[in-house]
Amino acid sequence: MKSNIIKHSIRALSRQKVYVLINIIGLSIGIACSLLISLFVLNELSYDQFNTKKDRIYRVVLHGKLGGQEAHVSSTASVIAPTMMQEFPEMEDFCRMNFWGETVIKYEEQTFTQSAFAQADSAFFKIFSIPLIKGNENTVLNAPYKVVISETTAKKMFGNEDPIDKMIKVGTDSSLYKISGVMQDVPELSHFHANMLGSFVTNPRANEGHWLNNSFSTYVMLKEGASPESVNEKFHPMLVKYVGPMLQQIFGISFDEFLDKGNKYSLALQSLTDIHLDPSIEHEVKPASDPKFIYIFGSIALLIILIAAINFMNLSTAQASKRAKEVGIKKVSGSSRGMLIRQFLTESLFLSFISLVIAILIIEISLPYFNNILNSNLELNYIGNWYTIPGLVIISLFVGLLAGSYPAFFLSSFKPVAVLKGSLKDSMKNGRLRSVLVVLQFSISIILIVGTLIIFKQINYMINKDMGFNKEHLLVVRRASVLGSKVKTFKDEILKLPGVLYASASTAAPAHNNNGNGYIMEGRDQETFLIETNWVDYDYFDTYGISLASGRLFDREFSTDEEACIVNNSSVQNFGLEKPFETRFMIPDDDPEAEKRYMSIIGVVNDFHFRSLHNKIEPYIFRFKNDDILWGYFSIRIAEDAPDNTLNEIENIWKDFTSNEPMQYFFLDENLKTLYKEEQQNATLSIVFTILGIVIAALGLFGLTSFTVEQRTKEIGIRKAMGATVGNIFYIISKEIIILVSISTLIAWPAIFFIARNWLQNYHYKITLNAFDFLIGFLIALTIAVLTISYRTLKSARLNPAESLRYE
């Protein structure tokens, strides 16, 4: 019985070659898109899943609020983890980490730049499932100046030599580090990078007891069965016990009084597997992904599959009049409705399976392109992942049943008497259902078109918006600390180059902020203000082109400027500074017994974006960078018409001053674009999937038009015989499509307006939706629809009426 059903299905399909081909192409593209999106979504959900103890590993995050400024960060004090270990019975172990980022490593006469150096406690290999190839996990990081390197780093630095016990120089540290172990590379699907791990106890602050110096990432592993909620409940009493006395010393108020004034200071556990998809936490080593894009692409996958399924339904029901006689004869011959349903479902499942095979070929060909867009390593692992093959089978079944169910029940419902009398054929030319399905298809297409357009406009707005400073031709050198006390001399030499306009040393650069400090204002001793802080020299404002709103900038003629400050407009507005130049901030000091020193505001600059446009501009303070502050950045403004060798000249001067240390730098305009890398990647994917969705819809429309023209061939011949022109015929056939696209537009506009408005709420600085954004979606969809039907319609309209009249 089953073999007969399959034979009948294959014979039936062979008689509908054009429509079968259109269905296969549509389903193949739809399945390929859905599989690619599924790979992307699974990849995002797989971060940190390699850790075998992931259910017990948490990161401690800090939630703070001072003076109306909120902060949610992964940075915590060094003392927190050891204290938790002593006082919380739920604790099994902890690991503090300090991520340095790009670091220069020297071995003998060779110099290497490592992209991800980090310091970690000795429990690192107990907590994280990263195997050691060489070394003992209990001792590789248990003493100062020990370092573990990754397998790739070992091959890069030492080739086939054994790296164990070799001595290397790390950064600017004068002491040598001993290589104590070699580990497997940290998996790509980890929320942090690290190709070298130095022992955390090397850090001078490893054993400090200051509770308000929040600079390190803290990971804890709880005992089996321990409740994270129980640990969270114990954080507040711990902070009252240890942070409370410090607040009393600094501000003269208790911890609870501090909170009663509207401030916040709390700790919480964040599950290891939640880190990658939580962009609300700042100071991430790897940028977190926004889960909204998983929902967006998951929705796109479903919509594209739906478009492909609608194609199948539309073309199947459109041909119902052709297959009605087959159904009638089979029913008269004794076939039951159930048998016919199974035949039609077998047809759709057979097409779905063929489409799946073609989709897999499409994916294998296109994956390198998508990996290049996403900067990832997606792969369809048929053997390594147990769920791959079952998943492909389920997708094939789902698509086949989704596309084939309605046509199967519809076609099998025909009554033999009505079919053989021919009364069914005329009634089916109505095509009301097909019109509804076309409307649904184009509604989805218009939503995708307008949505993609809005995403691109928002990204373009963010990249090109005036940042409040001049980001062009600005070279920013990292690791200015390498220059030591020679910063001023280096600067003088750089300024002698004909292509250099300005140069400046600072502790921060836009999008590279590293100090959020709490300040007390004179006369408002009971309030604390959290302000992003940057120590700068005299030429910083000229170098960056930040404009002065009022007051003055740092001036060499005023020696008192070294204990003065400059703030941005947001500081004046947020803190209610009616007379900013009569305002003084107390200079923070870790020693509560030290004499209080104050700094006066001497200038106010216009607001500028020191973070991405996801964030509102917050208060910002510039303090004078004296000779004792060596760390930070060195910024150089290069003239537009600078000689081609200017960069080489700068590098040569750098090497002269640093004993051939490599110069690590970036151009600020290019660097700022990376803030929106996720949006740019996802926008590119959106446009690709939108185009493919439209192609599927256009294929279906082409097939439907071909069928419609076949059905109306005699009508077209009569109209031409009566004097109708080609234009008249084209208008008659295309009029219905134009009406359907217009209805689709009216349905799509409210839906995409709601979706786009909610999506834009994620950005503080955003575009304004306007009528053109929505009108362009309608025009693109209409143009595609008209172009799709043009070939088949015009071909039919040009036929000789005599041939048309003989057609049926």
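Our subject is the structure listed above.
Residue numbering note: each chain is counted from 1, following its sequence as written. Local features are withheld for residues below a pLDDT of 70 in this predicted model, meaning they are given only at 70 or higher, and side-chain atom pairs are given and counted only at 80 or more; totals for whole chains, interfaces and linings count all residues. Excluded from the side-chain calculations are hydrogens and water; all other atoms, namely the structure's heavy atoms, are used.

> In this structure, what is going on with the overall build of the protein chain? I would like to understand it.
In this description a helix means any DSSP run of H or I spanning at least four residues, a strand means any run of E spanning at least two, and both kinds are numbered starting from the N terminus. A count of helices and strands for the protein chain gives 24 helices and 23 strands. Counting over 808 residues, the protein chain shows a buried share of 52%. In short, Shrake-Rupley with a 1.4 Å probe defines the accessible areas, and a residue's cover is counted only from the protein chains shown. For the protein chain, the exposed area adds up to about 36500 Å²; of that, 56% sits on carbon and sulfur atoms. Using a 1.4 Å probe on the protein chains alone, a residue whose accessible area is under 20% of its type maximum counts as buried, one over 50% counts as exposed, and one in between counts as partly exposed.

> How should the side chain of Ser-190 be read in this particular structure?
You can see Ser-190 is positioned in the loop between strand S9 (176-183) and strand S10 (196-199). A relative accessible area of 0% means that Ser-190 is categorised as buried.

> Teacher, can you tell me more about the packing of helix H22 (residues 726-760) against helix H23 (residues 771-797) here?
Two quantities define a packed helix pair, namely the angle between the helix axes and the distance between the axes. Contact geometry for H22 and H23: axes closest at 9 Å, N-to-C directions at 155 degrees. With respect to H23, the axis of H22 lies roughly antiparallel. With respect to the hand of their crossing, H22 and H23 are arranged in right-handed fashion. For helices, the fitted line uses only the C-alpha atoms of the stretch in contact; every axis is such a line through C-alpha atoms, and the angle between N-to-C directions lies from 0 to 180 degrees. Angles are sorted into four bins: roughly parallel if under 35 degrees, roughly antiparallel if over 145, roughly perpendicular if 65 to 115, and oblique for all others. Put simply, a crossing is left-handed when the front helix is turned counterclockwise from the back one by less than a right angle, and right-handed when it is turned clockwise.

> What's the story with a nonpolar patch on the surface in this structure? I'm lost.
A cluster of nonpolar residues, Ile-389, Val-393, Leu-397 and Leu-401, forms a patch on the protein surface that exposes about 330 Å² of accessible area. Of note, Leu-401 is situated in helix H11 (residues 388-411). By relative accessible area, which is 39% here, Leu-401 ends up partly exposed. Within this analysis, patches are made of residues with over 30% relative accessible area and no salt bridge. Like charges are joined at 9 Å or less; nonpolar side chains (Val, Leu, Ile, Met, Phe, Trp, Tyr) at 5 Å or less. We define a salt bridge as a contact between a side-chain nitrogen of Lys or Arg and a carboxyl oxygen of Asp or Glu at a distance within 4 Å.

> It is not clear to me how the pairing of strand S4 (residues 91-107) should be interpreted in this structure. Could you clarify?
On a regular strand, each side chain points to the face opposite its neighbour's, so the side chains alternate between the two faces of the sheet. By definition, two strands form a pair when at least two bridges between them are found by DSSP. Summarising the sheet, S4 and strand S11 (residues 214-222) pair through six bridges and their orientation is antiparallel. Residue pairing in the sheet places Cys-95 in a bridge with Tyr-219 of S11. For S4 and strand S5 (residues 110-120), the ladder comprises nine bridges, and the chain directions are antiparallel. If you follow Tyr-107 over to S5, its bridge partner there is Gln-110. Hairpin connection between S4 and S5: a loop of two residues separates the two successive antiparallel strands, and Glu-108 in this loop has a positive phi of roughly 55 degrees.

> Before we go on, may I ask you to explain the environment of Ser-129 in this structure?
Mapped onto the elements of the fold, Ser-129 is located in the loop between helix H4 (124-127) and strand S6 (132-134). Note on Ser-129: relative accessible area 24%, which makes it partly exposed. It is 9.4 Å that separates the C-alpha atoms of Ser-129 and Asp-48, two residues lying 81 residues apart in sequence. Dropping the residues within four chain positions of it, Ser-129 is found in contact with Phe-50, Asn-51, Thr-52 and Lys-53. We call two N or O atoms a polar contact when they sit within 3.5 Å, provided that within protein one can donate a hydrogen and the other can accept it, with sequence-adjacent residues counted only if both atoms are side-chain atoms. Engagement of the side chain of Ser-129 in a polar contact is seen with the backbone nitrogen of Thr-52, the distance being 2.8 Å. Every residue pair with non-hydrogen atoms within 4.5 Å of one another is taken to be in contact.

> Help me out: how do you make sense of the environment of Tyr-620 in this one?
Looking at where Tyr-620 falls in the secondary structure, it is placed in strand S21 (residues 620-624). A residue is classified by how much of its surface remains accessible, and Tyr-620, at 1% relative accessible area, is buried. Each C-alpha atom of the pair Tyr-620 and Phe-610 lies 8.7 Å from the other, and the pair is 10 residues apart in sequence. Sequence-distant contacts of Tyr-620, that is, excluding residues within four places in its chain, are made with Ala-508, Asn-513, Ile-531, Glu-532, Asn-534, Ile-566, Val-567, Asn-568, Ser-571, Phe-608 and Phe-610.

> Help me understand the nonpolar core in this model?
Nonpolar side chains in soluble globular proteins generally cluster together in the buried interior. By size, the foremost hydrophobic cluster in this structure holds 110 residues, and its most contacted members are Phe-541, Tyr-544, Ile-546, Phe-554, Phe-622 and Phe-689. Ranked by residues supplied to this core, first place goes to helix H14 (residues 432-464) with 15 residues. Excluding residues that lie within four positions of it along the chain, Ile-546 makes contacts with Gly-468, Phe-469, Tyr-540, Phe-541, Val-605, Asn-606, Phe-608 and Phe-622. If you look at the next biggest cluster of nonpolar residues, it comprises 34 residues, including Leu-62, Ala-71, Met-84 and Met-246. The set of buried Ala, Val, Leu, Ile, Met, Phe, Trp, Tyr and Cys residues whose side-chain atoms join them within 4.5 Å is what this entry labels a nonpolar core.

> Please explain helix H10 (residues 337-374) as it appears in this structure.
Each turn of an α-helix holds 3.6 residues, which means side chains three or four residues apart point in the same direction. Bending of H10 peaks at approximately 45 degrees at the position of Ser-366, with proline Pro-368 no more than four residues after it. Asn-375 lies just past H10 and shows a positive phi near 55 degrees. What we call the bend at a residue is the angle made by axes fitted to the seven residues finishing there and the seven residues starting there.

> Explanation requested: the pairing of strand S12 (residues 264-271) in the structure shown.
Among the eight residues in S12, six count as buried, and that is most of the element. Direction of pairing for strand S1 (residues 57-66) relative to S12: antiparallel, over a ladder of eight bridges. Following the sheet pairing, Val-61 is matched in S12 by Ala-268.

> Would you mind going over the packing of aromatic side chains with me for this structure?
To pair, rings of Phe, Tyr and Trp, with the six-membered ring standing in for Trp, must have centres within 6.5 Å; the planes then decide the type, stacked if under 30 degrees apart, edge-to-face if over 60, and tilted in the middle. All told, the structure shown has 41 aromatic pairs when counted by the stated rule. When the centroid spacing of 5.2 Å and the interplanar angle of 80 degrees are considered together, the rings of Tyr-145 and Tyr-177 count as edge-to-face. Of this pair, Tyr-145 sits in the loop between S6 and strand S7 (146-150) while Tyr-177 is found in strand S9, placing the two residues 32 residues apart along the sequence. On the accessibility criterion, Tyr-177 (1% relative accessible area) is buried. Members of the aromatic cluster, connected to one another through ring pairs, are Phe-469, Tyr-538, Tyr-540, Phe-541, Tyr-544, Phe-554, Phe-608, Phe-610, Tyr-620, Phe-622 and Phe-624. Should the NZ of a Lys or the CZ of an Arg lie within 6 Å of a ring centre and within 35 degrees of the ring normal, that charge is described as sitting over the ring. In this structure, Lys-465 packs its charged tip against the face of Tyr-765, placed 5.3 Å from the ring centre. Stacked on the ring of Phe-558, the Lys or Arg Arg-552 has its end atom at 3.9 Å from the ring centre.

> Can you help me understand the environment of Ile-454 in this one?
On the secondary structure map, Ile-454 appears in helix H14. A residue is classified by how much of its surface remains accessible, and Ile-454, at 1% relative accessible area, is buried. Residues Ile-454 and Ile-767 lie 313 residues apart in sequence; the distance between their C-alpha atoms is 8.5 Å. Contact partners of Ile-454, with chain neighbours within four places excluded, come to Ala-756, Trp-759, Leu-760, Ile-767 and Leu-769.

> So what exactly am I meant to see when it comes to the pattern of salt bridges here?
Any two side chains of opposite charge can pair, on the condition that their charged atoms come close. Applying the stated criterion across every chain, the model contains 26 salt bridges. Glu-92 serves as the salt-bridge partner of Arg-56, at 2.8 Å between the closest nitrogen and oxygen. Separated by 36 residues along the polypeptide, Arg-56 in the loop between helix H2 (17-45) and S1 and Glu-92 in strand S4 bring together distant segments of the chain. Salt bridges linked by common partners bring Arg-56, Glu-92, Asp-93, Lys-126 and Glu-224 together as one network.

> Help me out: how do you make sense of unusual backbone geometry in this one?
Glycine aside, negative phi is the norm for most residues, and most peptide bonds take the trans geometry. One non-glycine residue, Asp-48, lies in positive phi territory at about 65 degrees. Looking at the element boundaries, Asp-48 is found in the loop between H2 and S1. Judged by its relative accessible area of 1%, Asp-48 falls in the buried class. A positive phi angle is found at Tyr-145, which is not glycine, with a value near 60 degrees. Judged by relative accessible area, which is 30%, Tyr-145 ranks as partly exposed.

> I tried to follow the side chain of Ser-352 on my own but got confused; where do I start?
Among the secondary structure elements, Ser-352 is positioned in helix H10. Within the structure, Ser-352 has its side chain in polar contact with the backbone oxygen of Ser-396 (distance 2.6 Å). A polar contact of 3.5 Å, which involves the side chain of Ser-352, links it to the backbone nitrogen of Gly-400. Ser-352 has contacts with Leu-27, Ile-31, Ser-396, Val-399 and Gly-400, leaving out every residue within four places of it along the chain.

It is worth stressing that arrangement in space is one thing and function is another; only the former is reported here.
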